[in-house]
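A look at the structure
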Amino acid sequence: MLYVGVRLLRQNGYGDENCLINPNLVAVDPRGRVPEIPYYPSYVDLEPNARGAYLRWLASGRSDPTIGIGYVFLYFYGLERRLILDQASDEHDALVGEVRRLHEIYGSNYSFDRYARHLLDAAMVLEPSGKFYDEQAPRTRCDYEPPLSVRLAIGQLLVEGRAIPWNWMFGWVLNEPETTLRTAATRAAEEFEALFRLRFEAAFPDGYVLSPPKKRLQIHYRAASGSFFVDLGSRLGDMPDIGALSAATNRMREIVEGCADELDAYSRFLGRRPDGRGTLQAMGFLPPDLARTMSEGGEIGEVRLWLDALLANGHVLIESGELLRRMTGDAQVVCNKASVRSCREILAGFNVALMPDPRVSVGLPKSGQPFVLYRCQIEDMPETELANWRYAALSLTLAAFVAHADGSVSAGERRRLEQLAQSLAGIGERGHLDLKAYLEWLLAVPTQLGSLRSRVADLSAEDRHRLGFLALSAASADRHVDPKEIQSLQRIYKALGLDEADVIGDLHEAMAASSQPDEPVQITIGGDRPSGFAIPAPPRQSERQQVRLDPERLQQIGESTRRVGELLSKVFAEEGDTAEGDTLPADSLSVAGNCDAEEPLGVDAYGGLSAQYRGFLTELLTRADWPRGDLETLARSHELMTEGAIEAINEWAFDRYGDAILEDGDPVRVQAALLGPEAKVSHA
Amino acid sequence: MPDPLPIKPRERDVIVQALRAGVVPRLGLRHIQVGRAREVEELIKDIDRVGDDGATIRFVIGDYGAGKTFFMNLVRLIALERRLVVMSADLAPSRRLHASDGQARSLFNELTRNISTRTKPDGGALGSIVERFVGDVLQAAKKGEGKVEDLIQARLAPLQELVSGFDFATVLQRYTQAYEQGDETLKTAALRWLRAEYGTRSEARAALGVREIIDDDGFYDYLKLYARFVRLAGYGGLVVVLDEMVNLYKLVHSQARNANYEQILRILNDVLQGSASGVGFLMGGTPEFLMDTRRGLYSYAALQSRLAENRFARDGLVDLSGPVLRLQSLTPEDLFILLRNIRGVFASGDPQRHLLPDEALTAFMDHCSTKIGDAYFRTPRNTVTAFVNLLSVLEQNPGSRWQDLVSATEVGSPTAEEEAKDVDTGKEEGAADGDQLTTFKL
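Residue and element names in this part refer to chain A. Taken together, the three strands give an open sheet; going across it, the order is β6-β8-β7, and neighbouring strands pair in antiparallel fashion. Edge positions in the sheet fall to β6 (625-626) and β7 (662-663), since each has one partner strand and no second. Pairing of β6 with strand β8 (residues 668-670), which is carried by two bridges, proceeds in the antiparallel orientation. Residue W626 lies in a different strand from β8, and its bridge partner there is V668.

Overall, the coordinates contain 35 aromatic pairs over all chains when judged by the stated rule. Centroid distance F108(B) to F219(B): 6.0 Å. Interplanar angle 85°. Geometry classified as edge-to-face. Pair noted here: F108(B) is in helix α4 (residues 103-113) and F219(B) is in helix α11 (residues 219-232), with a separation of 111 residues, a long-range link. Judged by relative accessible area, which is 1%, F108(B) ranks as buried. Its relative accessible area of 1% is what places F219(B) among the buried residues. The side chain of R636(A) reaches across the aromatic face of Y179(B), ending 4.3 Å from its centre. For R192(B), the ring lying beneath its charged end belongs to Y198(B), and the centroid distance is 4.4 Å.

Once that is clear, we can look at the pattern of salt bridges. Under the defined criterion, the tally for this structure stands at 70 salt bridges over all chains. Between K215(A) and D241(A) there is a salt bridge whose closest N-O contact spans 3.3 Å. Highlighted residues: K215(A) in the loop between α8 (189-203) and β1 (220-222) and D241(A) in the loop between α9 (233-236) and α10 (247-262), separated in sequence by 26 residues. When its relative accessible area of 3% is taken as the criterion, D241(A) is described as buried. Note that E643(A) and K120(B) form a salt bridge whose closest N and O atoms lie 3.4 Å from each other. Taken together, the residues E643(A) in helix α29 (residues 642-657) and K120(B) in the loop between α4 and α5 (126-142) connect one chain to another.

All names here are of chain B. Spatial strand order, β2-β3-β4-β1-β5: five strands in an open sheet with parallel pairing. Looking at which strands have only one partner, the edges of the open sheet turn out to be β2 (85-90) and β5 (324-326). Each strand of the sheet is rotated relative to its neighbour by a mean of 20°, with strand direction disregarded. By the bridge criterion, five bridges tie strand β3 (residues 238-243) to strand β4 (residues 279-285) in an arrangement that is parallel. Within β4, the residue paired with L242 across the bridge is M283. Strands in contact with helix α2 (residues 37-51) are β1 (55-61), β3, β4 and β5; relative to β1, the strand with the most contacts, it is inclined by about 150°. Packed on one face of the sheet, α4 meets β2 and β3 and runs near 135° to β2.

All names here are of chain B. Put simply, chain B has an average pLDDT of 82, and 88% of its residues get 70 or more. Counting interchain partners and residues more than four positions distant, the pLDDT-below-50 stretch residues 311-317 has seven contacts. Predicted confidence for residues 409-442 stays below pLDDT 50, and this span has 69 contacts to residues more than four positions away or in other chains.

Let us look at the interface of chain B and chain A. Where interface size is given, it is often the accessible area lost as the parts come together that is meant. The interface is formed by 77 residues belonging to chain B together with 67 residues belonging to chain A. Between chain B and chain A, a total of about 6,900 Å² is buried, with carbon and sulfur atoms accounting for 54% of that surface. Together, Y179(B), Q328(B) and E333(B) form the three largest contributors to the area buried by chain B at its contact with chain A, with a combined 10%. Across the chain B-chain A interface, the total number found is eight salt bridges. A salt bridge links D334(B) to R553(A); the nearest nitrogen and oxygen atoms lie 3.2 Å apart. Counting the contacts that link chain B with chain A gives 26 residue pairs in polar contact (both at pLDDT 80 or more). Going through the elements one at a time, α2, α3 (68-81), α5, α8 (165-181), α14 (287-291), α16 (332-346) and α17 (358-372) of chain B are the ones with two or more residues in the side of chain B that touches chain A. Looking at which element gives the most residues to the side of chain B that touches chain A, the answer is α5(B), with ten residues.

As a further point, take unusual backbone geometry. At the junction of M355(A) and P356(A), the peptide bond is cis and its omega measures out at 5° in the coordinates. Positive phi, normally seen in glycine, also occurs at E639(A), with a value near 55°. Looking at the element boundaries, E639(A) is found in the loop between α28 (628-637) and α29. A residue is classified by how much of its surface remains accessible, and E639(A), at 43% relative accessible area, is partly exposed. Positive phi is not limited to glycine here, since E244(B) has a value of about 60°. The residue E244(B) is located in the loop between β3 and α12 (246-249) in this model. Accessibility expressed as a relative area gives 14% for E244(B), which makes it buried.

About the thresholds
Residues numbered from 1 in each chain as written. Chains lettered and ligands numbered in written order. Predicted model: local features only at pLDDT ≥ 70, side-chain atom pairs only at ≥ 80, totals over all residues. Heavy atoms only, no water. Pairing = 2+ DSSP bridges. Helix = DSSP H or I, 4+ residues; strand = E, 2+ residues; numbered from the N terminus. Phe/Tyr/Trp six-rings, centres within 6.5 Å; stacked < 30°, edge-to-face > 60°. Buried < 20%, exposed > 50% of the residue type's maximum accessible area, 1.4 Å probe, protein only. Lys NZ or Arg CZ within 6 Å of the ring centre and 35° of its normal. Salt bridge = Lys/Arg side-chain N within 4 Å of Asp/Glu carboxyl O. Axes fitted to C-alpha atoms, helices over the stretch in contact; angles between N-to-C directions. Contact = heavy atoms within 4.5 Å. pLDDT = per-residue confidence, 0-100. Buried area = accessible area lost by both parts, 1.4 Å probe. Polar contact = N/O pair within 3.5 Å; in protein donor to acceptor, adjacent residues only side chain to side chain.

Here it is in structure tokens:
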């Protein structure tokens, strides 16, 4: 692997190669002192003691990492000439192996690193061991242009018409001049790479599809020694060159930026605790999906076992302090937003969520109060959903508050709350899962109304009223309202800034509405409202000008009106109708038969009237008006009591003719027409 | 048209006149009743139960303007139609269920003044009822069935087992004597006694020879006596309608309030345990009266537990058989149907003769909404009155366009005219039983 002799011409034929070891030249053992040599060294031009140092380094295995890089390059010049210019294919693998070995030792020198990789790339072109894209892609930034390995691999993929996998895109974008890598990307390079892969594969599950550029790949090797130049293009055949493309790398740069953002907190954590990698705490700073893929150290494995045991039967309540201590490893940990948030992030790495979650709700458990832990594989709710969720949670809080009012939550109340939680609209699958857990928490920890005040402060009066109404709908859903529930509703109204005097009226409306069979109490909120707190107003509140009728309700009332009409017509019309039809039912006739039939008017007209009143009525019919005095006298002459007689006769007239015949007053009027033509005749 | 019933001309006139005056019509309520079929159905069952010698109690709960009074009036008319006797009164600071200063006696007096039968639906039927009973006795005596006194004694025997039953019988004896002797003073004295108008025992003893009078303490016992008596007189039973119960809630003195609630509890217990018979109670009040935890019925634990709605009524199975019946406040839809019904009444039930198309109804509502806001459907009396006036104008001027009338004629009319109406109603209230369409009063 060395050129030794007196003559080795350069490629251009002028002078000898700088790597040539001329044994005729004096070399002196430097005795431990290694002299500085220039950046572009040449064996010929070295001082005798530098030559000695070089030879000693060569003889001692070419691995002293402290040797000046010039000596390494001097050796390297020979290797590159042998590989590229001489193209000694027999020695190819041995040479490449030697370069790799050197790269391992001296790769930390930037200059050497670059040249060595260039050489390895060129060697690969000369003697391809397989597909270029099967080689390892660069995993860190090593250049300010796409390295040959990347261009070759991607070029080859394009020739074969294939999409580009994550590792080559990563290698490509890392080495683009326009890419700037933030600290997070270098400090947590390993996590950064893994995260890039996750994000890339999520965005491009089948790899990145690139349309081949027109530009062709030109490959030449310019020697590090400056002594030769070889065009390798012919070795490769026709291949597209991605070197000048920007759209793809721009897209990749977005992913890189995103990943760097996501790792920011983690990177800062590593900055504080360089040995923190792989700890439970570190996990909390990683994006959950990344945390899940990270290797499991002892501590992490332990926690996983603990959580598996805890959650074997679904959700679980755990004292807040215990959970926090377990997750942070800090015995003095205080339950605050920051500590709970980091705990939340750690748990996310185990597909476990906790409630109350500082991301979605306010109000954390106090010391001694529990968290609810539950399995959750679904992504966090999107930001756009949070407002809906908070509103839903608030509704649930109020309903739970009412349910707690009588000191305990019954099974029925619990079921109702669960139904309420399910029915709340405007939130997705994760939201509902969280809401269910939140309900568990609400059931375990009675709400303090004081904490509500700040939560409702931003709501409009209308929204607050909706919330209040919702709470009392929940309270009245079983149609049993306890005075204690009323009192807690009043407290809720007060906390909501509503008039507590409205509770009873509103409660009444809710209960009256729920007694309508076709009209269950509406416990939906939000519905399809877009985001924020713009909840559609209760239907009848705001409209002033234009009356809008709800066709469904109109139909219901119409139907009920029709039914009530039927009912009432049965009550009021049965007797009157028969009279108007001029046919009497059989029993009515038989009653008539009981009476004496010796009256001047037709039997039919008096049918059903007791005998004692018949003569009296006959005389009454002779006049249209009867002053009270005359009437008294007449009644007495018939041995009747006036009021009693009028009552009896009218009673009969109602049954028989559907109306009173004697109109009370002074004078009493006789409605003779009621009896029909016969009576009129008699009257005349 | 949801109401296919033919409407008699007399009914039509009564309805139109009453609505124009802003009061609940005496007749034909069935032609204008909007919805509440289930509630009405339940109350018809109640009335039938009373007619079958059973007992019922209902708390009709609704907010101002929900139509409690209208609804109770409807029930009242149904009861009369079913040949029951109805007593009705509004509670007031001076009229309570329990008192020591004559307020309960005053309520009893109001009830007996407003006692009505089918033939005397406007009240004042006490004389008729008494005479109907006595008249029958006299007839029986005439037929030789026995002496009048003995017959009265015998027929009223069922009353003797009740508190003060003996004195009640004695007073009826006096009334009969008065008739036989033509003694108007004695007759009046007997009626005064029955109407609880004697303030002292000595006064009553001097006039009628009885030991007791109907006083504050006897309020409920005498109602039971009346219930028994009207059956003996040939009626189906007694319905007692008490409106404006909120006046009890308004009592500031908790002892006085609780004493009244205890009276309600007594009635409720009697009804629920079946120890009352042939009597139904209908009590109208606001949600506060029922549910206010400090001063409403719910403040009285024993009542609260009995009145709490059925725990088992859920999942759409609604049980209206509990003593509390809730009326929902009116909505624009209710009002729409009401207007439609009124239009039908004007047309005597004949759709061909409708004076207005449906869109005129909504246009009219729009108009009212702009004039008086939500009140147009929450307290619909003004709206209804204005609508009846509109229909009258249309009827009398066949060529006119409703569009012009709705926007022009009605402008400014509701408020000024209604104030006058309210005064009218106020006057009428004393005589009759305060049958306004809404519960607002002067």
